[in-house]
Structure formats: structure tokens, C-alpha cells
Amino acid sequence: SSGINAEYGGITSQRVSCRFLEPKRLAGINRRFFEATNEDEIFKFSYVMGDFEFNKSEIKLGDLSGNRFSVVLRDCEQTSVENLQCIRKLLLENGFLNYFGLQRFGNNGDTHEIGKLILKKDYQAVVEKILTPNEHTKRNVTDCLNQYKTSGDPSVALHMLSYKNSLEGLLLTSLSKDPTNFKGALKSLHYKQQTLYTHAYQSYVWNKVLSRRVREHGTAVLPGDLVWGEGDQVRHVSGEEVIQTDITQVLLPLPGYDVVLPDNCCREFFEEVLQGDGMSLEDFKGSLGKEFNVSGAYRNVVFKPTEFEFDIIKYNDENEKLISTDMDRILEKKFERLEKGDRTAVRLQFTLPKSCYATMLLREIRRHDGL
């Protein structure tokens, strides 16, 4: 996941695959886009499709190798080429802490709390939390959820929803058939939606452990750290190996019932975070059935960007477009602008491996003066 989206003024391009669909049917999605008469109308549409081709196999989870980013940071009047060169050197040599970005935890920042409740098998609390409106909930959905909270009747609330296949609609539909079967209601959700919550809790624990590790030991490699060994197996770093091991090789596990923990203080860090939430690694097994077992995984503590480039550009209008996008290429639109103005921006380009958040790299960059 890149962590860059429309919330940050981003335009992203992704390769997708569809089965049993003709290209002309997919291309029909673009009709209103190409009928738009100005740029304001164009950007009302959330996506455009193109570059169709037939392939023998679909895109699968794990196929992605990484993402290429072009990012503009505005209002950087205090920066200089020398400062940027220093930042580039530090990032290429030392990398940055590979935290999960805030967007991993949803608009309201609480998806990990829902994941924790799922793992603790408190299904009623899970459903009640999902069906509680917040500041990001749309008005018509808020009215529906308030009705459910007031009346306790899922059928009445469901009639207020125009889109029944939404997250709220699926839960209320299931509860309409069996009002007390909260586990069944959760299982009516798409598998990816269910695992999104438990993965968010894993990410929350991982971030907390990394923060404590860095607070107490910086980015030093420790005896007992985990690194990849042979055959996609992890192994512990011995005391003699510490000096020849780079921090970018070190892994921290995403908690699950089938992970190897570091043989050092990080083991205690994991145990303390989980115990503080009334949890253990055994709780990650089969919360909603065997198919929802959370076995765990491993994630690099530090990543280094590659193909990192920058330049300084001048501009005047805060809404002025400062970078060419894939949308320009779809529209066969030349991107031209005069490189002058009283304001300063920094244009960055870099490549990150999959599951690495660009927002975390940008956070590291913004820590420096002038950015």
C-alpha cells in the first residue's frame, strides 16, 4: 500500500484484472469522463480505465513488486539544494522506519479497535461499534444508524438505506433475519473486510513495538533479532553476526499464532502490548472460523527508497498544477508551465517496495528544516 490517495490530492495508476468482461464494456465507464467539458468536471470522476490487454492469468496478491511516486511538497521557501542533497544521502544510506501509515487504521482511526474485539470474540461489541456513526459517516447513513440505535430494529433501519450492499447494509440485512446472531452478521461481510480489521490490529501492535524498540535502542541491530534465512524461513541473529547485519535486514513479526518472536527485549515488548489489551498470540487463531486464522507475518524494520530524485520549482498560484500525471497521458495532454514565481516547491520522485507507505517516507523528509 502506498498511502497516497485523493485525500492528499493524489492521482494514482494501478493495473487491475477483470474476468468475463469485454473491453468495450469497461471502456463504457469512461464515457462521462470524456464527455466532460472542463477540468473541474473531469475530476468529479473517481477513476478512468484504459490500456486494455488480454492475458492468460489474472493479477494475484503478491504480484506487485513496488510503487513509483512523484510527489510535490509546496511552500518550502526555506529549503535549498544542499539541504535536499543531505536528506537524499541520509535516506539512501540509512532508510526510514517502516511504520504502517495512519490510513491503515481508517478514517476514524479505530479499525484496530474493531480488530481487537473480533480477536477477543466480542462480536456484539464489534457490530455495535461498526454501526455507530462518526464524523465521516454520510448523512443518510447516520440517520439510518441512529434509527437502529434508538429502536433496536434492524429491519426499520435497513429500509432507510438506499444502498443495501454497503458495510452497514450487509450487517443490518443479516441482523434483520436473526437480530442476536452478531457473529453471523460479521461473517456476512466480504472476507477482505473482515480481515481488514484484524490486520489493522496487527499493524497497531507492530507500530507500538517498533516505537519502543527505537526509543530504547535506536536503529541498532540486536542479538536475537530476526532476519530471513534459507527457504523463506526466519532465523535469529547471533551475537557474532550483529556487526555484519544491516538494520534493513531486521524483521519484526506481525503478531499471529504461528510466528517466531525475536529472542531479545522485543519479545517482551510484544507480550506487554498484547497483555495490556488482555490478549495473547493464541487469540489470533480462528476468531470467525478456521478460514480467518491470523497466522502472522514478518515486516522489515527499515526500508531504503530507490531511484530517489528531487528538484526545486517556482510557482505563484497555490492551486497551480506542478507535475505531470498519468491522467495527462491518457488525455494526450501536454504538460507545460513556466518555471517561475515567488513561491517554492520541492518535486520528489522515488520508488518503494510493496507494503511500504510513502506517507512515512514523507514524514521523515518533513522532519528536516525548510520542508
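The present account deals with the structure reproduced in this document.

About the cut-offs
- Residues numbered from 1 in each chain as written.
- Predicted model: local features only at pLDDT ≥ 70, side-chain atom pairs only at ≥ 80, totals over all residues.
- Heavy atoms only, no water.
- Salt bridge = Lys/Arg side-chain N within 4 Å of Asp/Glu carboxyl O.
- Helix = DSSP H or I, 4+ residues; strand = E, 2+ residues; numbered from the N terminus.
- Buried < 20%, exposed > 50% of the residue type's maximum accessible area, 1.4 Å probe, protein only.
- Axes fitted to C-alpha atoms, helices over the stretch in contact; angles between N-to-C directions.
- Parallel < 35°, antiparallel > 145°, perpendicular 65-115°, else oblique.
- Left-handed = near helix turned anticlockwise from the far one by under 90°.
- Contact = heavy atoms within 4.5 Å.
- Nonpolar A, V, L, I, M, F, W, Y, C, P; charged D, E, K, R; others polar.
- Pairing = 2+ DSSP bridges.

1. Concerning the pattern of salt bridges
Item 1. Tallied over the entire structure, the rule returns 14 salt bridges.
Item 2. The salt bridge involving Asp75 is made with Arg343; its shortest N-O contact spans 3.1 Å. In this pair, Asp75 sits in the loop between β1 (66–73) and α4 (81–94) while Arg343 sits in strand β9 (residues 343–353), placing the two residues 268 residues apart along the sequence.
Item 3. In this structure Asp75 comes out as partly exposed when scored by relative accessible area, which is 43%.
Item 4. Since its relative accessible area comes to 24%, Arg343 is described here as partly exposed.
Item 5. Its salt-bridge partner being Arg367, residue Glu364 comes within 2.6 Å of it at the nearest N-O pair.
Item 6. Its relative accessible area of 61% is what places Arg367 among the exposed residues.
Item 7. Shared partners join several salt bridges into a network, and the residues in it are Glu113, Lys116 and Asp277.

2. Concerning the packing of helix α11 (residues 191–217) against helix α12 (residues 265–276)
Item 1. The geometry of α11 relative to α12 is characterised by a closest axis approach of 10 Å and an angle of 135° between their N-to-C directions. It follows that α11 is oblique to α12 by the angle criterion. In the crossing of α11 with α12, the sense of the turn from one axis to the other is right-handed. Together, Tyr201, Val205, Lys208, Val209, Arg212, Arg213, Glu216 and His217 of α11 and Cys265, Cys266, Phe269, Phe270, Glu272, Val273 and Leu274 of α12 make up the contact between the two elements.
Item 2. When grouped by side-chain class, the residues that make up the contact of α11 with α12 number nine nonpolar, one polar and five charged.

3. Topic: the pairing of β9
Item 1. Burial within β9 is extensive, with eight of its eleven residues counted as buried.
Item 2. Strand direction decides the pairing type here: β1 and β9, joined by eight bridges, are antiparallel. For Val71, the partnering residue across the bridge sits in β9 and is Leu348.
Item 3. The sheet contact formed by strand β8 (residues 306–315) and β9 spans eight bridges and is antiparallel. Residue pairing across strands places Phe310 opposite Leu348, the latter belonging to β9.

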